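Given next are the chains, with one letter for each unit.
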Amino acid sequence: MWDAVLCILIIGGFFILRAVLATVFFFYLLPEGDHCPNCDAVTVRVQSRGWNVLLPRFRTSWCYECGWHGLLRNGPLTPTKPSESLTEHGPP
Ligand SMILES: [Zn+2]
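**A look at the packing of aromatic side chains**
Scanning all chains against the criterion turns up four aromatic pairs. Seen from their ring centres, Trp-62 and Tyr-64 are 6.4 Å apart, and the 55° between their planes marks the pair as tilted. Of the aromatic side chains, those joined through ring pairs into one cluster are Phe-27, Tyr-28 and Phe-58. Of note, Arg-73 hangs over the ring of Phe-27, and the distance from its end group to the ring centre comes to 5.4 Å.

**A closer look at a nonpolar patch on the surface**
A cluster of nonpolar side chains, contributed by Leu-6, Ile-10, Ile-11, Phe-14, Leu-17 and Leu-21, occupies part of the molecular surface with about 630 Å² of accessible area. Turning to its location among the elements, Leu-21 is positioned in helix 1 (residues 2–29). Assessed through its relative accessible area of 53%, Leu-21 is described here as exposed.

**Description of the coordination of the zinc ion**
Taken together, Cys-36 (SG), Cys-39 (SG), Cys-63 (SG) and Cys-66 (SG) make up the full set of protein donors to the zinc ion, lying 2.2 to 2.3 Å away. Of note is the zinc ion, whose four donor atoms meet at the metal with angles of 103 to 117° in an arrangement that counts as tetrahedral. Taken in chain order, the donor set of the zinc ion reads C-x2-C-x23-C-x2-C. Here the residue Cys-39 occupies a position in the loop between helix 1 and strand 1 (44–45), and Cys-66 occupies one in the loop between strand 2 (58–62) and strand 3 (69–73), the gap between them amounting to 27 residues. Note on Cys-66: relative accessible area 39%, which makes it partly exposed.

**With respect to the pairing of strand 3**
In this sheet, strand 3 lies alongside strand 2 in antiparallel orientation, the contact comprising five bridges. Bridging across to strand 3, Ser-61 finds its partner in Gly-70. Following strand 2, the chain reverses through six residues before pairing antiparallel with strand 3; Gly-67 in that reversal takes a positive phi of roughly 85°.

**Considerations on the sheet that holds strand 1**
Pairing is antiparallel in the open sheet, where three strands are placed in the order 1-2-3. The sheet is open, and its two edges are formed by strand 1 and strand 3, each paired on a single side.

**Some details on the side chain of Arg-73**
Secondary-structure assignment places Arg-73 in strand 3. The charged side chain of Arg-73 is buried without a salt bridge, its nearest counter-charge being Glu-32 at 4.4 Å. In this structure Arg-73 touches Phe-27, Tyr-28, Leu-30, Pro-31, Glu-32, Gly-33 and Phe-58, once residues within four positions along its chain are discounted.

**Structural notes on unusual backbone geometry**
The phi torsion at Asp-40 lies on the positive side, around 65°, for a residue other than glycine. By the secondary structure assignment, Asp-40 is in the loop between helix 1 and strand 1.

**Let's talk about the nonpolar core**
Buried together is how nonpolar side chains tend to be arranged in soluble globular proteins. In this structure, Cys-36, Ala-41, Cys-63, Trp-68 and Leu-72 together form the largest nonpolar core, which totals five residues. Apart from residues no more than four positions distant in its own chain, Cys-36 is found in contact with Ala-41, Thr-43, Cys-63, Cys-66 and Trp-68.

Rules and cut-offs
- Residues numbered from 1 in each chain as written.
- Predicted model: local features only at pLDDT ≥ 70, side-chain atom pairs only at ≥ 80, totals over all residues.
- Heavy atoms only, no water.
- Phe/Tyr/Trp six-rings, centres within 6.5 Å; stacked < 30°, edge-to-face > 60°.
- Lys NZ or Arg CZ within 6 Å of the ring centre and 35° of its normal.
- Patch = residues over 30% accessible without salt bridge, like charges linked within 9 Å, V, L, I, M, F, W, Y side chains within 5 Å.
- Areas by Shrake-Rupley, 256 points an atom, 1.4 Å probe, with all protein chains shown as cover.
- Salt bridge = Lys/Arg side-chain N within 4 Å of Asp/Glu carboxyl O.
- Helix = DSSP H or I, 4+ residues; strand = E, 2+ residues; numbered from the N terminus.
- Buried < 20%, exposed > 50% of the residue type's maximum accessible area, 1.4 Å probe, protein only.
- Donors = N, O, S within 2.8 Å, 3.2 Å for Na, K, Ca; no water.
- Tetrahedral: all angles 85-135°; square planar, octahedral: opposite > 155°, others 65-115°.
- Pairing = 2+ DSSP bridges.
- Lys, Arg positive; Asp, Glu negative; His and termini not counted.
- Contact = heavy atoms within 4.5 Å.
- Core = buried A, V, L, I, M, F, W, Y, C linked by side-chain atoms within 4.5 Å.

As structure tokens, this is what we get:
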């Protein structure tokens, strides 16, 4: 009886440890900031209800240069000049 419990604990422990290590590995694999991993252009933050609820610490981004969309880690953002802001190009 104890052999079965010990076996389940060891196998379950390795399963949970593997899931935790994979999560940490892929967290640090994601790029930090607001640059596109494909073309290094500045991405735009977009709203994605599912991802923003599931993973609020990540930034759902879309690159308008190459069309890439995905998750980025929160990090330093590229400052924009006031002349490049969207408010200046808005409707009159
Ligand atoms: Zn891109």
